[in-house]
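# A closer look at the structure
For reference, the chains in residue letters:
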Amino acid sequence: MKRNAAAAVLTMLVAALAAGCGGSGGAGKSTGTVAPATAAGPPAVRLTKTQFIFKANDICLGTSNQIAKAASKIRAQTKKTGKLPPTPQVAQFLEHTSLPAYDAMVDKLRDLTPPKRDEKTIDAYIASLAGAIDTAKANPVKYSSASAADPFADANARAVKYGMKACGS
């Protein structure tokens, strides 16, 4: 395989693994309503859709950047050799770096309080994202191959449909 093709495949693989989220965003002014108090603590501020998307994209970007930084050695190795790293190395990266980062990302997304009317949509997105993570955890070797179906496809589509471009790319 040519160097550029190998690098492109690895980039695609890392992007597929990072597809759960990644993009841009930042903090916005909180003008949302207050959600009911829970037994776990004080009431959460219910975000507007725009605020939710902004904060979710920021979380996804942070996760994507974290994974990309961790993958820099693998990318450099691929560029130098022109060969994809061995599947066990990619599987190890998936198990020990990507998937734990996605678990943390899901926790952060769950901490956001979406608009009341969008709760079911966001719950379905997060469930789909968590399911994709579990799927990859169940068979990391399979999902370390560029030929494997993307377990994040449904979650990505849901994110994009809601307006979270960073979380669905």
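Reading the values: rules and limits
Residues numbered from 1 in each chain as written. Predicted model: local features only at pLDDT ≥ 70, side-chain atom pairs only at ≥ 80, totals over all residues. Heavy atoms only, no water. Helix = DSSP H or I, 4+ residues; strand = E, 2+ residues; numbered from the N terminus. Buried < 20%, exposed > 50% of the residue type's maximum accessible area, 1.4 Å probe, protein only. Contact = heavy atoms within 4.5 Å. Core = buried A, V, L, I, M, F, W, Y, C linked by side-chain atoms within 4.5 Å. Disulfide = S-S within 2.5 Å. Phe/Tyr/Trp six-rings, centres within 6.5 Å; stacked < 30°, edge-to-face > 60°.

Broken down by element type, the chain carries 6 helices and 2 strands. The helix and strand sequence of the chain, counted from the amino end, reads α-β-β-α-α-α-α-α. A total of 169 residues make up the chain; the buried ones form 40% of that total. Considering only contacts within the chain whose residues lie at least 6 apart along the sequence, 75% involve residues at least 24 apart.

In globular proteins that are soluble, nonpolar side chains generally tend to be buried together. The biggest cluster of nonpolar side chains holds 32 residues, and the ones touching the most others in it are Phe52, Leu109, Tyr125, Leu129 and Met164. Contributions of two or more residues to this core are made by α2 (49–70), α4 (87–111), α5 (119–138) and α6 (153–162). Of the residues forming this core, the biggest block, 8 residues, is contributed by α4.

This brings us to the state of the cysteines. A complete count under the given rule lists 1 disulfide for this structure. Two residues share a disulfide in this structure: Cys60 and Cys167, whose sulfurs sit 2.0 Å from each other. The chirality of the disulfide connecting Cys60 with Cys167 is right-handed, given an S-S dihedral of about 95 degrees. On the criterion of sequence distance, the pair formed by Cys60 in helix α2 and Cys167 in the segment after α6 is long-range, its members being 107 residues apart. The same class applies to Cys60 and to Cys167, which are both buried.

Looking now at the packing of aromatic side chains. What the rule picks out here adds up to 2 aromatic pairs. Ring plane angle 85 degrees and centroid distance 6.0 Å describe the contact between Phe52 and Tyr162, whose orientation is recorded as edge-to-face. In this pair, Phe52 is assigned in helix α2 and Tyr162 in helix α6, connecting sequence segments 110 residues apart. Of the two residues, Phe52 and Tyr162, neither departs from the other in class, the shared state being buried. Their ring planes at 50 degrees and their centres at 5.4 Å tell us that Tyr102 and Phe152 sit as a pair that is tilted. Of this pair, Tyr102 sits in helix α4 while Phe152 sits in the loop between α5 and α6, placing them 50 residues apart in sequence.

These figures capture arrangement, not role.
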